[in-house]
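Listed here are the chains, written in short residue letters.
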Amino acid sequence: MNPGEPSARPPGLRGWLALWFGLALRVSRRDYLVSGAVLMALKYALDNAIVYGFTGRVWPPWAYLVPSLALRQSTVSSTPTTAYALLGFAALPFLWVGLSMSVRRAADAGKSPWLGLGFLLPVVNYIVIAVLSLLPSQAQAHWAPPATPFRPAPEAPVAPPLDAGIAKSVQAVLIGVILGGGMTAFSVYALRSYGAALFFASPFAMGAVSALIFNRPTLRTLRATLGVAAITVTAAGVALLLFAVEGLICLLMALPIAMVLGLIGAGVAWAILRFGNARSGAAVACFFIGLPGIAGFESAVAEPTLREVMTSIEVDAPPEVVWRNVVSFSELPPPPEWAFRLGIAYPMRARIVGEGVGAVRYCEFSTGPFVEPITRWEEPRRLSFDVRSQPPSMQELSPYRHVNAPHLEGYMVSRRGEFRLTPLPGGRTRLEGSTWYTLAIFPEGYWVVPAEMLLHGIHGRVLRHIKDLSEHPATAVAAR
């Protein structure tokens, strides 16, 4: 590295913050390397502080070499849902800094700023980072520095005539929606995949494409560009709802990640046009051509992780009494929880045919039965079962009577379950219920949060009912 390589960064902490979170400053090779080392160590420390706070263990450094969370999860005990939510929020600033600096580093090295978008691609990002760390700065590289460290550069965006602005907005939104709709159709119906390419790369691309179209030939303001990107993401969701591709619940769950990534894509594209003066036609074509390839590769290699969700309760009754209500139980009262009233499948009753290993338990849900052959019968301590078949996970809210969204079947799959009864002093029982499931909707770290909240809600509803039946035997006998 040339020690005399120029840096556009002003001195002091304020300069580093402007370099990391701004868009106007060029990024030299030295600043890229130093920032990468510091922020990588900071993210590792922050992630492990969160994981250690919930599990008492840490992720080893080499676990970060694999994009999937699977290797990291294998080194710690079951990680609570809250930890995944905190990890997701903590990752957003690092995502922005890494992406924006990679784009500006590429421009500083005399390459197309679009090369920096490789930072978003798993595995490929390591190659991109290595290349950008080695390439020297080029004096003739174009990334217009600001007039002063914290003021906009010259040639500020010009507001276009109202009619032209509206026409460009409509065009930008329409093409962005076509991109999002096409990726949804290709991923869901052709590849049968709800992958990171759909939930991560596609919203980013929609925001970037809408920004590129909206700002050609006249550069608009960043605020207007972000507004068009937000409209694009929202309009894509409305289109999926109106064409009965998805239901309202899943769209609302996907909206936060889609909106954030759409705005990031728009901001990066605007900065490339504003400071890098890069042509946009090839970039738009790459988004349309490259996304299906990313989705196809991901669907071929992605493997969902087997996860366990465990919920427990204490019952004022001995295990022998609790056992009878675990094996089968009477009708549950209507659910008070708002999520179940909106269409999420909820348990209603359970019955068993036979006794011992080989018996079949039927747990009736609002959308149909779980068929559960018994694999372990240790009365009155343990009841284990596989899941032979299961009903849809919800009934989607939609303007139409039925929405046959593919994700409702075969993507969140219960593999097996177990009840464990532990005797406690005073004739009481600790009752634990576990479900092992796979979630073939990526990125898993995002979707596991609502998935495990749902499973804990289902467990809690069943365990509370078993507790009530066990503590009030007369009610249980009357119900049977």
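The shown structure was predicted, so the numbers you read here are calculated from the model rather than taken from an experiment. Chains are numbered independently. Their residues run from 1 in the order of the written sequence. Per-residue local features of the predicted model are confined to residues with pLDDT of at least 70, and side-chain atom pairs are confined, for both listing and counting, to 80 or more; whole-chain, interface and lining totals are unaffected and use all residues. The basis for the side-chain values is all heavy atoms of the structure; hydrogens and waters are excluded.

Regarding the pattern of salt bridges
Then, number 1: Definition used for salt bridges: Asp or Glu carboxyl oxygen within 4 Å of a side-chain nitrogen of Lys or Arg. Enumeration over the complete set of coordinates arrives at 14 salt bridges.
Then, number 2: Close ionic contact of Asp47 with Lys43 constitutes a salt bridge, the shortest N to O distance being 2.7 Å. Placement of both Asp47 and Lys43 in helix 2 (residues 29-55) is noted, with a separation of 4 residues, approximately one turn of the helix.
Then, number 3: We call a residue buried when its accessible area falls under 20% of the maximum for its residue type, exposed when it is over 50%, and partly exposed in between, using a 1.4 Å probe and counting protein chains only. Judged by relative accessible area, which is 3%, Asp47 ranks as buried.
Then, number 4: On the accessibility criterion, Lys43 (22% relative accessible area) is partly exposed.
Then, number 5: When the shortest N-O distance is used, the salt bridge between Glu432 and Arg430 registers 2.8 Å.
Then, number 6: Glu432 gets classed as buried once you look at its relative accessible area, which sits at 14%.
Then, number 7: Residues joined in a network through salt bridges with shared partners are Arg376, Glu378, Arg382, Glu418, Arg420, Arg430 and Glu432. Secondary structure elements follow DSSP: runs of H or I of four or more residues count as helices, runs of E of two or more count as strands, with numbering from the N terminus.

Here's the deal with the packing of helix 7 (residues 196-214) against helix 10 (residues 281-301)
Then, number 1: Between helix 7 and helix 10, the shortest axis-to-axis distance is 10 Å and the interhelical angle comes to 180 degrees. Taken together, the axes of helix 7 and helix 10 are roughly antiparallel relative to one another. From helix 7, Ala196, Ala197, Ala201, Ser202, Phe204, Ala205, Ala208, Val209 and Leu212 reach across to helix 10, where they touch Ala283, Val284, Phe287, Phe288, Leu291, Ile294, Ala295 and Glu298. Interaxial angles span 0 to 180 degrees and are taken between N-to-C directions of axes, which are lines fitted to C-alpha atoms, for helices over the stretch in contact. For this classification, under 35 degrees means roughly parallel, over 145 means roughly antiparallel, 65 to 115 means roughly perpendicular, and everything else is oblique. A contact between two residues is defined here by any heavy atoms of the two lying within 4.5 Å.

Focus on the pairing of strand 3 (residues 360-365)
Then, number 1: The buried fraction of strand 3 is high, at 5 of 6 residues.
Then, number 2: Any two strands are treated as partners once DSSP identifies two or more bridges connecting them. If you look at the hairpin formed by strand 2 (residues 347-353) and strand 3, you'll find 6 residues sitting between the two strands, and Gly354 has a positive phi there, around 95 degrees.
Then, number 3: Pairing of strand 3 with strand 4 (residues 368-378) involves 6 bridges; the strand directions are antiparallel. Each bridged residue has a counterpart across the sheet, and for Tyr362 the counterpart in strand 4 is Val371.
Then, number 4: Counted along the chain from strand 3 to the antiparallel partner strand 4, the turn is 2 residues long.

Points about the confidence of the model for the protein
Then, number 1: Mean pLDDT over the protein works out to 84, with 86% of the residues at or above the 70 mark.
Then, number 2: The weakest mean pLDDT in the protein belongs to helix 3 (residues 70-73) at 54; the strongest belongs to strand 5 (residues 382-386) at 97.
Then, number 3: pLDDT measures how confident the predictor is about each residue, on a scale from 0 to 100. Low pLDDT (under 50) marks residues 145-155, which in the prediction has 20 contacts with non-local residues, meaning those over four places away or in another chain.

Observations concerning the packing of helix 7 against helix 8 (residues 222-242)
The angle between the axes and the distance between the axes are what describe a pair of packed helices.
Then, number 1: It is the contact of helix 7 with helix 8, at a shortest axis distance of 9 Å, that shows an interaxial angle of 130 degrees. Here helix 7 lies oblique to helix 8, going by the angle between them. Our pair here, helix 7 against helix 8, has a crossing hand that is right-handed. Across from Met206, Gly207, Ser210, Ala211 and Phe214 in helix 7, the residues of helix 8 making contact are Ala224, Thr225, Val228, Ala229, Thr232, Val233 and Ala236.
Then, number 2: Of the residues belonging to the contact of helix 7 with helix 8, the class tally is 8 nonpolar, 4 polar and no charged. In a left-handed crossing the near helix is turned counterclockwise from the far helix by less than a right angle, and in a right-handed crossing that turn is clockwise. Only Asp, Glu, Lys and Arg are considered charged in this grouping, and only Ala, Val, Leu, Ile, Met, Phe, Trp, Tyr, Cys and Pro are considered nonpolar; every other residue, Gly among them, is considered polar.

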